[in-house]
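Structural features, examined
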Amino acid sequence: DFLKKKKKRGEPVLVFPVLDMESYQPLPGMFNSATRDSSLPSLGMIACLKAAGGKAPSMWDCENKLYYASPGDVQNGQTLRDVLVMKPNSTVEDVFDVLKRMGALGGEYVRAEAAENIGMKPNLVKKDELVTRSNRILKIMTTRRREWQKTLPH
């Protein structure tokens, strides 16, 4: 019974919140999650990843054996750095709520653009639209700028 219900609910949805739909840069407001979260791979986990032929997380400094200390240290090329694992049947508004709780966005929801893959033309999406594979790269615009947004070049 449990497995049937679980299968009926569906798979989790991976969502990539971005600052820009051309460069796919990560939201600077997600920096703490990318460098200070307790769920990040430890030094031992990173050694295992490398031993298995993988790579260290994008914010990991292999030389100093720590995550980057400040947003200014982040190098270019951080395409789709961050990912949110959302429950099945989550909406664009649910993603907005999660990002707002994390402190990555502020203000009220204005609109959102989304695409399925890198290089695809983004489309406007409604806030009550379900998040699926076809709109997993998501840029959400709000009424208020967070402190980090005020310092971005135009």
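Scroll up to find the structure.
Residues numbered from 1 in each chain as written. Predicted model: local features only at pLDDT ≥ 70, side-chain atom pairs only at ≥ 80, totals over all residues. Heavy atoms only, no water.

1. Remarks on the overall build of the protein chain
Where we set the bar: Every helix listed is a DSSP run of H or I at least four residues long, and every strand listed is a run of E at least two residues long, numbered separately from the N terminus. Buried, partly exposed and exposed residues are distinguished by accessible area as a fraction of the type maximum, computed with a 1.4 Å probe on protein chains only: under 20%, between the cut-offs, and over 50%, respectively. Residue contacts are defined here by distance: any two heavy atoms, one from each residue, within 4.5 Å place the two residues in contact.
The helix and strand inventory of the protein chain stands at five helices and seven strands. In sequence order, the secondary structure elements of the protein chain are arranged as α-β-α-α-β-β-β-α-β-β-β-α. Counting only residues that meet the buried cut, the protein chain has 35% of its 154 residues in that class. Of all intrachain contacts in the protein chain linking residues separated by at least 6 positions in sequence, the fraction that spans at least 24 positions is 64%.

2. Details of a nonpolar patch on the surface
Note the following rule: Only residues whose relative accessible area exceeds 30% and that take part in no salt bridge are eligible for patches, with like-charged residues grouped when within 9 Å of each other and nonpolar side chains (Val, Leu, Ile, Met, Phe, Trp, Tyr) grouped when within 5 Å. Surface accessibility follows the Shrake-Rupley procedure with a 1.4 Å probe radius. Residue values consider only the protein chains on display as shielding. Salt bridges are defined as contacts in which a side-chain nitrogen from Lys or Arg sits within 4 Å of a carboxyl oxygen from Asp or Glu.
A contiguous nonpolar patch, built from Leu-14, Val-83 and Val-85 and spanning about 260 Å² of accessible area, is present on the exposed surface. Mapped onto the fold, Leu-14 is located in strand β1 (residues 13-17). We classify Leu-14 as partly exposed; its relative accessible area is 45%.

3. Comments concerning the environment of Arg-136
Condition: The term polar contact refers here to a pair of N or O atoms within 3.5 Å; inside protein, the definition further demands a hydrogen-donor-capable atom paired with an acceptor-capable atom, and it admits residues adjacent in sequence only when both atoms are side-chain atoms.
Here Arg-136 shows up in the loop between β6 (123-125) and β7 (137-144). By relative accessible area, Arg-136 is classed as buried at 17%. In this structure the C-alpha to C-alpha distance between Arg-136 and Leu-84, which are 52 residues apart in sequence, comes to 9.7 Å. One polar contact links Arg-136 to Asn-117, side chain to side chain, over a distance of 2.6 Å.

4. Quick look at unusual backbone geometry
Positive phi values are uncommon outside glycine, yet Tyr-24 reaches one of about 60°. On the basis of relative accessibility, which here comes to 5%, the residue Tyr-24 falls in the buried class. Of note in the backbone geometry, Asn-89 takes a positive phi value of approximately 70° without being a glycine. With respect to the helices, strands and loops of the structure, Asn-89 is situated in the loop between β4 (84-86) and α4 (92-102). On the accessibility criterion, Asn-89 (56% relative accessible area) is exposed.

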